[in-house]
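Residue strings, one per chain:
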Amino acid sequence: MSSPASTPSRRRGKRGRGSNPPTPQDARSPPSQKRRTDDSTSTGDLQPMPTSPPADVQSPGAADALFSSPPQFRHSAIPLDFDISSPLTYGTPSSRVEGTPRSGARGTPVRQRPDLGSVRKARQVDLHSDGLAEDIVATEQSLGQKLVIWGTDVNVASCKEKFQRFLQRFIDPLDKEDEDIGLDLNEPRYMQRLQEINVVGEPFLNVNCDHLRSFDENLYRQLICYPQEVIPTFDMAANEIFFDRYPDSILEHQIQVRPYNALKTRNMRNLNPEDIDQLITISGMVIRSSQLIPEMQEAFFRCQVCAFTTRVEIDRGRIAEPSVCKNCNTTHSMALIHNRSMFSDKQMIKLQESPEDMPAGQTPHTVALFAHNDLVDKVQPGDRINVTGIYRAVPIRVNPRVSSVKSVYKTHIDVIHYRKTDSKRLHGVDEETEQKRFTEERVEMLKELSKKADIYERLALALAPSIYEHEDIKKGILLQLFGGSRKDFTHTGRGNFRAEINILLCGDPGTSKSQLLQYVYNLVPRGQYTSGKGSSAVGLTAYVMKDPETRQLVLQTGALVLSDNGICCIDEFDKMNESTRSVLHEVMEQQTLSIAKAGIICQLNARTSILAAANPIESQWNPKKTTIENIQLPHTLLSRFDLIFLMLDPRDEAYDRRLARHLVSLYYQSEEKMEEEYMDMAVLRDYIAYARSYVNPRLGEEAGQALIEAYVDMRKIGSGRGMVSAYPRQLESLIRLAEAHAKVRFSDKVETIDVEEAKRLHREALKQSATDPRTGIVDISILTTGMSTTARKRKEELAQALRKLIQSKGKAPSLKYQQLLDDLRAQSDIAVTKEMFEEALRALADEDFLTVTGKTVRLL
Amino acid sequence: VGDWLNSPLSIVQGIFAQNVPNSDWEKKVTEYFKEKLKENNATNWVPSLNDVPVHYLKPNSLVKFRCMVQDMFDPEFYMGVYETVDSNTNARVLHFGKYRDVAECGPQQEIDLNSSQTVTSERQTFYCVPVPGESAWVKEISFFASQARVSPSTSYTPSRHKRSYEEDEDMDLHPSKQKEQHTGKSCCSGGDIHGCVEPKRLETEASAGHHVISPNCSPPLDLNFPLPGEKGPACLVKVYESWESFKVNDVLEVFGVLSVDPVLSIVNSEERDGSGLDPMECMDTAEEQRVHSPPASLVPRIHVILAQKLQHINPLLPACLNEEESKTCEFVSNFMSELSPVRAELLGFLTHALLGDSLAAEYLILHLISTVYARRDVLPLGKFTVNLSGCPRSSAFTEHLYHLIQQLVPASYHLRMSIESMNHSRFIPRKDYTANRLLSGLLQLASNTSLVIDETQLEQGQLDTAGVHNVTALGNLITWQKVEYDFNYHRMEFPCNINVLITSEGRSLLPSDCQVHLQPQIIPPNMEEYMSSLLTAVLPSVLNKFRIYLSLLRLLDYSISEEVTKAVEEDFVEMRKNNPESVTADDLHKMLLVARFLSLSAGQTTLSRERWLRAKQLEALRKARLQQQKCVNGNEL
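Sequence order as written defines the numbering, with residues in each chain counted from 1. Whichever chain is written first becomes A and whichever ligand is written first becomes 1, with later ones labelled in order. Thresholds applied to this predicted model are a pLDDT of at least 70 for local features of residues and 80 or more for the giving and counting of side-chain atom pairs; totals over whole chains, interfaces and linings are not thresholded and use all residues. To obtain the side-chain values, all non-hydrogen atoms of the structure were used and water was disregarded.

### A look at the overall build of chain A
Helix and strand labels come from DSSP, where a helix needs a run of H or I of at least four residues and a strand needs a run of E of at least two; each type is numbered from the N terminus. When helices and strands are tallied, chain A shows 33 helices and 26 strands. Whether a residue is buried, partly exposed or exposed follows from its accessible area with a 1.4 Å probe, protein chains only, as a fraction of its type maximum: under 20%, in between, or over 50%, in that order. Taking all 860 residues of chain A together, 56% fall into the buried category. Contacts are residue-level and defined by heavy atoms, with any inter-residue pair within 4.5 Å sufficient. The contacts of chain A with a sequence gap of at least 6 include a subset with a gap of at least 24, amounting to 69%. Carbon together with sulfur atoms contributes 51% to the accessible area of chain A, which is approximately 36200 Å² in total. In short, Shrake-Rupley with a 1.4 Å probe defines the accessible areas, and a residue's cover is counted only from the protein chains shown.

### Here we look at the pairing of strand 13 (residues 503–507) of chain A
Residue and element names in this part refer to chain A. When you tally the buried positions in strand 13, you get five out of five residues, the bulk of the element. Across the two faces of strand 13 the burial is the same, with Ile503, Leu505 and Gly507 and Leu504 and Cys506 all buried. We call two strands paired when DSSP finds no fewer than two bridges between them. Of the pairings in the sheet, the one linking strand 13 to strand 20 (residues 609–614) comprises four bridges and is parallel in character. Directly across from cysteine 506, in strand 20, lies its bridge partner alanine 614. As paired elements, strand 13 and strand 21 (residues 643–647) share five bridges and run parallel to each other. Looking across to strand 21, one finds that isoleucine 503 is bridged to leucine 643.

### Some words on a negative patch on the surface
Residues and elements named next belong to chain A. A cluster of like negative charges, contributed by Glu440, Glu441, Glu444 and Glu448, occupies part of the molecular surface. Counting through the fold element by element, glutamate 448 comes out in helix 16 (residues 440–451). For glutamate 448, a relative accessible area of 49% corresponds to the partly exposed category. Note that patches include only residues with greater than 30% relative accessible area and no salt bridge, and the join distances are 9 Å for like charges and 5 Å for nonpolar side chains (Val, Leu, Ile, Met, Phe, Trp, Tyr). Each salt bridge in this description consists of a side-chain nitrogen of Lys or Arg and a carboxyl oxygen of Asp or Glu lying within 4 Å of one another. Residues scored as positive are Lys and Arg, those scored as negative are Asp and Glu, and His as well as the terminal groups of each chain are ignored. To locate a charge, take NZ of a lysine, CZ of an arginine, CG of an aspartate or CD of a glutamate.

### A closer look at the domain arrangement of chain B
These domain boundaries are the output of an automatic or database domain assignment. Each domain of chain B was delimited in the assignment, giving domain 1 (8–148 + 227–266 + 284–309), domain 2 (349–539) and domain 3 (557–636). The C-alpha-based centres of domain 1 of chain B and domain 3 of chain B are spaced at 51 Å.

### Comments concerning the side chain of asparagine 208 of chain A
Residues and elements named next belong to chain A. Tracing the backbone shows asparagine 208 in strand 1 (residues 204–208). On the basis of relative accessible area, asparagine 208 is assigned to the buried category, the value being 4%. At 2.9 Å, the side chain of asparagine 208 and the backbone nitrogen of aspartate 210 are in polar contact. The term polar contact refers here to a pair of N or O atoms within 3.5 Å; inside protein, the definition further demands a hydrogen-donor-capable atom paired with an acceptor-capable atom, and it admits residues adjacent in sequence only when both atoms are side-chain atoms.

### As for the confidence of the model for chain A
Where the model shows low pLDDT, its predicted coordinates should not be examined in detail. All names here are of chain A. In the predicted model, chain A carries a mean pLDDT of 68, and the fraction of residues at 70 or more is 62%. Counting interchain partners and residues more than four positions distant, the pLDDT-below-50 stretch residues 1–105 has 276 contacts. Contacts for the low-pLDDT stretch residues 118–145, under 50 throughout, to residues beyond four places or in other chains number 79 contacts. The quantity known as pLDDT measures the predictor's confidence residue by residue, on a range of 0 to 100.

### Focus: helix 19 (residues 513–523) of chain A
Of all 11 residues in helix 19 of chain A, nine are buried; the element is thus mostly enclosed. For helix 19 of chain A, the complete set of buried residues consists of Lys513, Gln515, Leu516, Leu517, Gln518, Tyr519, Val520, Tyr521 and Leu523 of chain A.

### Section: helix 18 (residues 471–482) of chain A
Residue and element names in this part refer to chain A. An ideal rise of 1.5 Å per residue puts 16 Å on 12 residues; helix 18 measures up with 17 Å between its terminal C-alpha atoms. Helix 18 sits mainly inside the fold: 11 of its 12 residues count as buried. By the burial criterion, the buried members of helix 18 are Asp472, Ile473, Lys474, Lys475, Gly476, Ile477, Leu478, Leu479, Gln480, Leu481 and Phe482. Backbone geometry just after helix 18 places glycine 483 at a positive phi near 75 degrees. Each helix should span, by expectation, one fewer than its residue count multiplied by 1.5 Å.

Structural data, given as structure tokens:
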């Protein structure tokens, strides 16, 4: 059934292997008896349950009877400390002669590997045993060395030797993984791992298949195609080396090799019948894990008459109860003693394909995983993992009494190795998975693209093509998508510098702000979209929940945490309530979220860029008011935005004309043309992803100078009129923008042109948002203090005028409010509103000059 | 009727036996059936699961099913080809496992699971439900289309008893229905009558189905229909080819082998009993078992030989309009020639339905033929959500309006908004991980379903979290034409194409593309009488023309010539020059939308200057009304 018909030899091979799950064979397997006696020796050679019950049920009773008949067990039970995973049983004659490191290995119990199925059984081809020749697909040239496991082209000895060489010699100084902390990359990597095992005592050796492939292509291929055969050989090899080196080491059990990253890391959707029984690595998300299932591996029986005991191994999911006591020949006297039987742990896990891998409009696929022994409970629902394991297919029995079989197989994966993908994210190490995505041609193409002189404009145009013009805004958002370089100043006590660029769009309703947000949200992989109206502080940050089942406190993350390393789009920013907005303060500068709730105190990373859109408070933008007055947001928050853009409806005939043309074209353009543009979106996405992960520009000398100049200039402009027009925050923004622009060019160095563009964009945004509507002068203090300098000056002048007025009134202890206002108005040459008047009164009250009670003003 | 209808598997066997060594027998099978179905009206000879109760159909016969893909299960590996060995004679025979659930073999035979001839293949299972909200008239017309030819072949019904039962039922149904059809006048008021008759028929079959499986299945199985109160068979559709091309919510018509092998049900009960013993079976939870292999009598399996996506489910139209078949072209051109009278009549009909408001009726036509024809990055183009404000609240006007719409469109749903329904119903489909299936929600609808949201009955009250989510989902549906399905750990967007009509008193709390304020010219004293008399006044043939009109125009292409583009441009600039406030880009969007559907509604596939002016005029009228309304109750902004 399993693999394609093209490999008949392989199929034959499996037949002999007794009871491995995927091959419901043994309908006719005459040769098995011999093999059986040979290697069903094991003690705790536990059968994994998921063997093929349907198969053996229907298969001729002969085979079953054969396997479970007591005589064989007697036969096999002799060498009890003898197990397949140990080199002894595996060894071809040559390996035995070599003298395996029995000393160490022997003292260490073997733990069998249910993850590999019951491979051990009946699989070794003993050269000296006769009658097996038929099973040996081997060239007969030199004994021992050319022998292969049947059904495969694996020669145990050479395979082992190669793997040992790999362990001893493999060095790759360039390849750095996050687990590699403390490894000397110029020394053989896996020897260091073995040393680690000796120290730590965790007898598992994880082997990256990628390394193996670069070391020995053929060995790698064998591993992928015949994992059941090859992995035990690897175990054997690893143990030999280990106990050779550390003969006195005491391990819980012998070392087990766990390969991972079987290069073809693939999508669940691509699994097909050809992958059955092969080593595969797939990624996905755990959606359900079962309870721990104790699986009986070996049953212990005792005769109730004579107390004779015997052990029966599980065979393809069944225990054959001995019907006759071998000692006293009483029938039906054997009783199962549960306490002395052996069990192993097993867990069923459902893995669902990760949302990124899914084609649009389809529901995700799932696949079942079986985890064994210590892999049980390693993952929780919700974890993103990469699983390496062996893909299995088992037929489903319809009914034990009916010979028909449901023509469908059940599939699952026996897990050999887990690798969580999202735990890395918390550590902030670069996303390996994302880097892997690019093929060489793609990278070439992107690099080619980056050399174009107008790449910046090009990309800006490709961004949300359905939204018309607003080029500077698109450029701003483009830079936001790229982000600045991350700098670490922890050692100087400043912590991380924010690399993310925050942007606020405000403007008239109906200027497609939401559409822009939606576009960005759809473009970036880790984007979140929320609306200010509908989100609460906890929804944005994180909340603590009590799991109803386990009574455990669980931290549920909100939009901001989820968009770590991405963009959080917040629509209707102005409608957000005060307390919700306040959590943004920390996120937008420190890029962290602190939580102190229900006994959980922690700080989560939230390195997210914020793209917010706000509507003016009076539904239409009032050009006579400042930004702050228009959107009524606290300036403390506004100053955290690097760029604030106004999206206003331009009043310009040429613009209208182009807009109309653009819109009309939307209403009849053909699908194909849209497809083309869709392609662009994919390119854009890749371009950004590539730049984000590979390009990390640093400031050049010149650029540094240019930035300093720019900053000094900005401050100068203000100081000329007695006000400050730039703060260090603005300088930081400039740096970020310049870096992002360098990223757009795939340049590792920030140059003057980057600074120029950063300056231009920053000025452009300032011009729009920080222009004092009364004077027409760009004034940064509108954003930083909420009031323009001129406004403040005017306020002071008015207060002074009022003070003078009151003083001129002489010694009157109290004055009428309305009277005073009228007098002031009569005197002043500008229109004095009631608000202005009240403000002036308040200012004077602050100076302890007067107090206001109701409608009277009292002098102090 | 040939063998290919009654026992398709034997045909497959024949082809298989002839071509056995090479694998192209599969292709030959598909071709054979394709040919057969092309023959004159052959598709009508195939009994449909939509019309005929499952237990009347012969197992392993060819059936068809018109359905929506509600969920996609995991792909299955099955024995494509397997070999059996006779235990007495040792004779080996090859069999095919395609189109089958169970690998069969004779009493003396054993399956050789280890044969080198075995071929493992892959197939995909879709969980399909009848098209949600399918109108009664769609069911009925297709029922007659097929029943007329199938009834002589009812001799295949398994037992005499059942046959007579069906014939009785047919006799009961046929005369009455035909009478309706012919007398015509009663037919249209039949909205309610059909509503009664049809479900009853289906109910009997459903209850019969329940009766059969009751010993096995204690709690009734949730068949997971998107809309409450839906009836009909759900089906596990096994697809053998190009399943990647199908998506969730696609409407399909499948032709395939019906499999109701009772063995499938036995499997379940056995497995459930023995789950404690056999570790292989406890791999899935009991819920998952129930959902993924429900009793075959309740959820039959169809092994698909041919499947096609349907552009529409209107039985009055040829199934596939894109084909360059003379028949189709003829049909379209014939209809186009008499388009304008049909439009006029429809307009008149809707004007009466909207209490004499012809402007609202005009907009309603535009709304009914609107469809999302493309998406520009995130922006869906061609959606035209109309908010009909100013609906009289008391007289159940909206209820009756919906009944009229139901008579016109092939699929629709009436969503009565209330605090209760917002808080307690499931709008967004949600993944149930214990049963490993997608629990359907109200918003899992097929393309071009009319969703009529009634806001007039909404009272003040508190929305809870679920309610807020539901309202947000509705808002997203209207603005972006997409629904975010809840996968617990993440959400996934599914684009959709649903025509939303909102009826409300004031401006709706949901977003909409255009708000039309209803100005009733007549207030009928008895709304019910008025509305039902409207329906009876329309001849069934005319009603059918309306139905064709609405379904057909939706499928037409459309373009704007360079010349008109220029004109529109000029116009826009001109309008802005006078008063930039009055016309925004948004308004232009709307005008272009109106112009598009206005042209299409007249059967024109390009925009003409006149249509553009007419569109502008309509928009101006509509806006003037809103302005007026604003003045009337000044506090409403």
